[in-house]
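Letter by letter, the chains look like this.
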Amino acid sequence: MQAMRDGPEDAHRPGVTAPHATAEPSPLLPRGLIVVLGATGLLVSVLALQRFASILAPVLLALILVIAVYPLTGFLRRHGAPIWLAVTATVITLIVVVLSLAAALALSVARLATILPTYQDSFTALVNNLRNWLDSLGVGQDEIQAAISKINYSNIAGLVTDLLAGLAAVFSNMLFLLFVVAFMALDAVGFSSRLARVRRQRADVVGALDSFVYGTRRYLVVATVFGLIVAGIDTGFLWLIGVPLPLLWGLLAFITNYIPNVGFIIGLIPPALLALLQGGPKLMITVIIAYSVINFIIQSIIQPKVTADAVSLSLTLTFLSLVFWSFVIGPIGAVLAIPLTLLVKALLLDVDPNTRWISSLLSSGPAPPDDDDTDDRSDRKSEAFPGPAASAVNGQAPLSPDAQASHDH
């Protein structure tokens, strides 16, 4: 009867709350001001990163290398190797990888510098043929001279060498990079136990870091497998048609395979130009067609889709990541664009339940289940298994599927 006497107007009385009424907390600052402050903070952060790019780039490269090779320590430990041997083998492997890449790039640039001057006469003949062809089309001599004057052999040769030198510059501060790699590998030995202790108090933070490590390793595996396939095919094809330095261009194709979306174009320019000097326009067109069939299909169609699925990043975000990190820290930013985006996503979005929904908007694949469905499943699981949740055993909070897989690994 009391419920019948209470009318709708009771909801407006002081102290009476309408059923299912929820009050949204008002932000401390206006949303427009929050957006302006966030954009300003992002701009300042980007300028600061650019200022210290020469130090930051080797550190980030060392971090990704340690994440990639560190499972070797766990593998050796599981097979009975003592801790000192497992750590030593991991550090030596990292140093060998870094030195091998640096040596290969240095020798390739030196070899290219010695072979390019021999094509000066071929370049002059190509320019003369171009002049005669334009003249046969009725183009005036003034227009021909203006067009030819912009074509300079030193500029074209400099384009190729600058591209390789930019990649080699990543390893320019070799001593600093080796020290950072060694120290990070040594610190990583006890990092797992420290994370296990932190997980009890900061499960969200540790879960986000686990997701970053797991996604980075999956991306590196995918990029490495596709890179080896593309490099092997390119090297064999260039060797068959007689393009000089096929091993160099295969190495370039392997490295640029870590650059999402446009790595194929970067790896195509040097061998195409050298094919033009070696065999004329026909050989260059052959290289371009072959690269388009091989590299474009694998690197620009198949691999981006597999990469997006492996790291749960949309294709648009992977491309924007390439542009952003190249602008911030230079050539190494193009190579590490995906891992660095995963790191920023983990530190800024995944660690906070209030911002984790943004990660769903940036990811690829099917949308995650609704919260209502998750709550219903949790309720049913609690009824079937009364008592503390299984995910809270040993004081650990539940992990996401990616983080759990990384933790188990």
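Here, residues in each chain are numbered from 1, in the same order as that chain's written sequence. For this predicted model, a pLDDT threshold of at least 70 governs which residues receive local features, and a threshold of 80 or more governs which side-chain atom pairs are given and counted, while totals over whole chains, interfaces and linings are taken from all residues. Think of the side-chain values as coming from all heavy atoms in the structure, minus any hydrogens and water.

Engineer: Account for the overall build of the protein, with residues named and values stated.
Structural biologist: Going along the chain from the N terminus, every DSSP run of H or I of four or more residues is numbered as a helix, and every run of E of two or more is numbered as a strand. In terms of helices and strands, the protein carries 20 helices and zero strands. For the protein, long-range pairs separated by at least 24 residues make up 73% of all intrachain contacts whose partners lie at least 6 apart in sequence. Surface accessibility in these figures is a Shrake-Rupley result with a 1.4 Å probe; residues are shielded only by whichever protein chains are displayed. By element, 68% of the accessible surface of the protein is carried by carbon and sulfur atoms, the whole surface being about 23600 Å². Any two residues whose heavy atoms approach within 4.5 Å at even a single point are treated as in contact.

Engineer: Please provide a residue-by-residue account of the pattern of salt bridges, values included.
Structural biologist: Take a side-chain nitrogen of Lys or Arg and a carboxyl oxygen of Asp or Glu: if they are within 4 Å of each other, that pair is a salt bridge. For the structure on display, the rule yields two salt bridges. A salt bridge links Arg 199 to Asp 210; its shortest N-O distance comes to 3.1 Å. You can see Arg 199 sitting in helix α10 (residues 191-199) and its partner Asp 210 sitting in helix α11 (residues 203-241), a full 11 residues away along the chain. Across the pair, exposure class does not vary: Arg 199 and Asp 210 are buried alike. Any residue under 20% of the maximum accessible area for its type is buried, any over 50% is exposed, and the rest in between are partly exposed; the area is computed with a 1.4 Å probe on protein chains only.

Engineer: Please set out the packing of aromatic side chains residue by residue, giving values where relevant.
Structural biologist: Two rings belonging to Phe, Tyr or Trp (six-membered ring only in the last case) form a pair when the distance between their centres is within 6.5 Å. Interplanar angles under 30 degrees mark stacking, angles over 60 mark edge-to-face geometry, and anything in between is tilted. Following the criterion strictly, the structure yields three aromatic pairs and no others. With a centroid separation of 5.6 Å and an interplanar angle of 90°, the aromatic rings of Phe 254 and Tyr 258 are classed as edge-to-face. A centroid spacing of 5.1 Å and a plane angle of 80° characterise the contact between Phe 324 and Trp 325, whose relative ring orientation is edge-to-face. Classification of Phe 324 as partly exposed rests on a relative accessible area of 31%.

Engineer: I'd like a rundown of unusual backbone geometry, residues and numbers included.
Structural biologist: The phi torsion at Leu 245 lies on the positive side, around 55°, for a residue other than glycine. What makes Leu 245 buried here is its relative accessible area of 15%.

Engineer: A description of the packing of helix α5 (residues 83-115) against helix α12 (residues 246-256) should follow, citing residues and the corresponding values.
Structural biologist: Lines fitted to C-alpha atoms define the axes here, with helix axes fitted over just the stretch in contact, and angles between the N-to-C directions of these axes take values from 0 to 180 degrees. It is the contact of α5 with α12, at a shortest axis distance of 10 Å, that shows an interaxial angle of 135°. Comparing their axes, α12 and α5 come out oblique. Note on packing geometry: the crossing formed by α5 with α12 is left-handed. In contact with Ala 104, Leu 105, Ser 108 and Leu 112 of α5, α12 contributes Leu 248, Trp 249, Leu 251 and Ile 255. In this count, Pro and Cys sit with the nonpolar residues alongside Ala, Val, Leu, Ile, Met, Phe, Trp and Tyr, while Asp, Glu, Lys and Arg are called charged and the others, Gly among them, polar. The residue makeup of the contact of α5 with α12, split by class, is seven nonpolar, one polar and no charged. Each angle is binned into one of four classes, with values under 35 degrees roughly parallel, values over 145 roughly antiparallel, values of 65 to 115 roughly perpendicular, and all other values oblique. Helix crossings are classified by the rotation of the near helix relative to the far one: an anticlockwise turn of less than a right angle makes the crossing left-handed, while a clockwise turn makes it right-handed.

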